[in-house]
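Here are the chains, one letter per residue:
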Amino acid sequence: MQRHLQPVPLLVALAMLTIMAFFVALAVGSVHLPLRGVIEALGGGADPLTRTLVLQLRLPRAVTAFATGGLLALAGALMQVLLRNPLADPYILGVSGGAAAGALTSLLLGLAGIWVSGSAFVGALVSTLMVFALAHGRGGWTPTRLLLTGIVVAFGWGAVISLLLILSNNASLRGMLFWLMGDLSYRGSGWLPLAVVSAGLAVCLPFARHLNVLARGETLAEALGIAVRPFTIAIYIGASLFTAVAVTEAGAIGFVGLVIPHMLRLVSGSDHRTLLPGAVLLGGSLLLLADTLARTIVAPQQLPVGIVTAAIGVPIFLYLLNRARGPL
Amino acid sequence: MNELEIHALTVSIAGKYVCRELSLALHAGTCLGLLGGNGAGKTTLLHTLAGLRAPDSGEILLHGAPLAALPRRRIAQQLGLLMQQQEDSLPASVLETALIGRHPHIEFWRWESHADVNIARRALKMVGLDGLEQRMQTQLSGGERRRLAIATVLTQDPHLFLLDEPAHQLDLHHQLALLRHFAALAREQGRVIIMSLHDVNLAARFCNRVLMLFGAGETLCGDSTETLTAGNLSRLYQTPVAPLHWAGGTVFVPDQAREADRT
């Protein structure tokens, strides 16, 4: 017998976790701010230094981290249903490989900022379209064909990435490695990914019951009245877009997209009406807390956030998995 | 009006005919047994009737409306399919799995109502899975999973049931209990059941009509009492079958004497 948390208390708890994570992220750093100062700064008060620190430096990065984590968790949940494979993650169809090849090429050419994220986004889209077209082949899309095509394409990108790393000079190598491990230190305003994750969740949520049905197999979903072909194509496009935006913002942050949906399935069951919003909140707060740690534990040095997500997430996930009775 | 009409239906798979120019009309209360050897195309025919694959030619009418022109959701409100195999790589509880049968009946923006949950609970009780509602479906035995799939199609509550080997994997008790239930749905509520079976005696007992697929597109359809004969069955399975009159009924068994003759 598996006892699951009820959806409403779970989502309330996750929303509170999110708010708490934001306050921690805004208060902690090279200068520690009191909670009161953070609240005042958010309201437009406080002294100019605190205001700059909170509104200009920490808030954009916090919003980016939260939105990226949310996007990855959402994309992971969608991919797992699309491929009906618990091992699926947002990168499984090669999106991150294409993005990395794009980003690393710009870094190699000494470009920065918008060029890096722009080429990452283009690389992600190219890879998505390539997998989608190649997987169809003569037989049509099946989860296995998509999966194998994605993995082989990702392998190809892996070779390109290795080549780019070999070709790079020492000056750009460090930036490239940071990008590959996931890095939130390039600060966009963060509002674009936040808008994408909010809109994405708003579009996916009404279809959550359809996802519950599709998770039980394509033929059954078709027999239960779902137009499977357009629906799966929409999921594929949506999940790839969310992943592309996340990768563009923060590089290839692993783990969040794979594990967050499973964590939620273990504690709250597999109804996607709870799972999708839960994944956005939990994925977002986990990445936000991880990034806060990444920029503080060895300050003034910064760690790639991917290392910290793994350090937090691996033990939590193993604990949950170990505690779960019976097969997943 | 007939619940299901088939006009000059030709279906083939991998270059082999399942049926050619097959015409049938099934009225309310029909329980049709679909018989045929391995690979004769029973599943293919059932999937075609469910609108999951297009026939080579011919037309299928569901309540007088061409199946090919109906939206999937409308079809699913009237027609339920029990598949031979079901995927279960992602976890879900027994009650959640049964409840997805309500999907075609629930409006886009709505959640399952108490009435929906009650329908699912009744179906789970019918298949003897009440008490296991919160169990993960991956923790069930093969036979229990099969009963869960049957509960899902009962929860869907369609007018027309297409059942692909409903007796498969079930113990004797559940075979009889569930087939009796489906036969009663046809007899008492005018539902239409089409089910593929490997046990001709179950077909003889529960079906009022029979459709035999001989392979190569040859078919035979008729009342079960007239069609289920030792001659037809021997030809269908290419194995000598003999009738055994017992307790006021007829039971078909492999004819051991003639089997020995042939070898």
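Reading the values: rules and limits
- Residues numbered from 1 in each chain as written.
- Chains lettered and ligands numbered in written order.
- Predicted model: local features only at pLDDT ≥ 70, side-chain atom pairs only at ≥ 80, totals over all residues.
- Helix = DSSP H or I, 4+ residues; strand = E, 2+ residues; numbered from the N terminus.
- Axes fitted to C-alpha atoms, helices over the stretch in contact; angles between N-to-C directions.
- Parallel < 35°, antiparallel > 145°, perpendicular 65-115°, else oblique.
- Left-handed = near helix turned anticlockwise from the far one by under 90°.
- Contact = placed C-beta atoms within 7 Å.
- Pairing = 2+ DSSP bridges.
- Buried ≥ 20, exposed ≤ 12 C-beta atoms within 10 Å, placed from the backbone.
- Arc of directions from axis to C-beta.
- Core = buried A, V, L, I, M, F, W, Y, C linked by C-beta atoms within 7 Å.
- pLDDT = per-residue confidence, 0-100.

(A) Highlighting unusual backbone geometry. All names here are of chain B. A positive phi angle, close to 75 degrees, is found at Gln169, a residue other than glycine. Along the chain, the position of Gln169 falls in the loop between β7 (160-164) and α6 (172-189). Residue Ala216 is not a glycine yet carries a positive backbone phi of 60 degrees. Checked against the element boundaries, Ala216 lands in the loop between β9 (209-215) and β10 (218-223).

(B) Quick look at the packing of helix α3 (residues 48-83) of chain A against helix α13 (residues 272-296) of chain A. Residue and element names in this part refer to chain A. As a packed pair, α3 and α13 sit with axes 7 Å apart at the nearest point and diverge in direction by 140 degrees. Overall, the two elements α3 and α13 adopt an arrangement that is oblique. α3 and α13 meet at a crossing whose hand is right-handed. On the side of α3, the interface is formed by Ala62, Ala65, Phe66, Ala67, Thr68, Gly69, Gly70, Leu72, Ala73, Leu74 and Ala77, while α13 contributes Leu275, Leu276, Ala279, Val280, Leu282, Gly283, Gly284, Ser285, Leu286, Leu287, Leu288 and Asp291.

(C) The sheet that holds strand β2 (residues 16-26) of chain B, seen in detail. Residue and element names in this part refer to chain B. Here we have four strands laid out as an open sheet, ordered β2-β1-β4-β5, and antiparallel in their pairing. Pairing within the sheet leaves two strands with one partner each, and these edge strands are β2 and β5 (65-66). With two bridges joining them, strand β4 (residues 57-62) and β5 adopt antiparallel strand pairing. Across the sheet, Leu62 pairs through a bridge with Ala65, a residue of β5. Lying over the sheet, helix α1 (residues 42-49) contacts β1 (4-13), β2 and β4, oriented at roughly 130 degrees with respect to β1.

(D) Focus on helix α2 (residues 35-42) of chain A. Residue and element names in this part refer to chain A. Taken as a whole, α2 has its buried residues at Gly37, Val38 and Ala41. What you see down the axis of α2 is that its buried residues fit within an arc of 100 degrees, all on one side. Across from the buried face of α2, at angles greater than 90 degrees, the exposed residues are Leu35 and Arg36. Just past α2, the residue Gly44 takes up positive phi, approximately 95 degrees.

(E) Structural context of the pairing of strand β3 (residues 31-36) of chain B. All names here are of chain B. Within β3, six of the six residues are buried, leaving the element largely enclosed by the surrounding structure. Residue alternation in β3 divides its side chains into two sets, Cys31, Gly33 and Leu35 and Leu32, Leu34 and Gly36, and both sets are buried. Note that β3 and strand β8 (residues 192-196) share four bridges and pair parallel. Directly across from Cys31, in β8, lies its bridge partner Ile193. Where β3 lies against β9, five bridges are found, and the strand directions are parallel. Bridge pairing links Leu35 to Met212 in β9.

(F) Geometry of the environment of Ile235 of chain A. On the secondary structure map, Ile235 of chain A appears in helix α11 (residues 228-250). Once residues lying within four places of it in the same chain are set aside, the contact partners of Ile235 of chain A are Leu78, Val81 and Leu82 of chain A.

(G) Local environment of the nonpolar core. Core analysis: the largest hydrophobic core is formed by 179 residues, its most contacted members being Leu71, Leu74 and Ala279 of chain A together with Leu162 and Ile193 of chain B. Of the residues forming this core, the biggest block, 19 residues, is contributed by α3 of chain A. For Ile193 of chain B, the contacting residues outside a window of four places in its chain are Cys31, Leu32, Phe161, Leu163, Phe182, Leu185 and Ala186 of chain B.

(H) Quick peek at the confidence of the model for chain B. For chain B, mean pLDDT is 93; residues scoring 70 or higher make up 99% of the total. Between the elements of chain B, mean pLDDT differs from a low of 74, seen in helix α10 (residues 256-262) of chain B, to a high of 98, seen in β7 of chain B.

(I) Seen up close, the sheet that holds β7 of chain B. Residues and elements named next belong to chain B. Sheet architecture is open: six strands sit in the order β6-β7-β8-β3-β9-β10, paired in mixed fashion. In this open sheet, the two edge strands, each paired with only one partner strand, are β6 (79-82) and β10. The mean inter-strand angle of the sheet, taken between neighbouring strand axes irrespective of direction, is 15 degrees. The strands that α6 touches are β3, β7 and β8; relative to β8, the one it contacts most, it runs at about 150 degrees. Relative to β9, helix α9 (residues 230-237) is tilted by about 40 degrees, and along the sheet it contacts β3, β9 and β10.

(J) Representation of the pairing of β1 of chain B in the model. Residues and elements named next belong to chain B. Here β1 pairs with β2 via seven bridges, running antiparallel. Considered in β2, the bridge of Ile6 is made with Leu24. Strand direction decides the pairing type here: β1 and β4, joined by five bridges, are antiparallel. The partner of Leu4 across the bridge, within β4, is Leu62.

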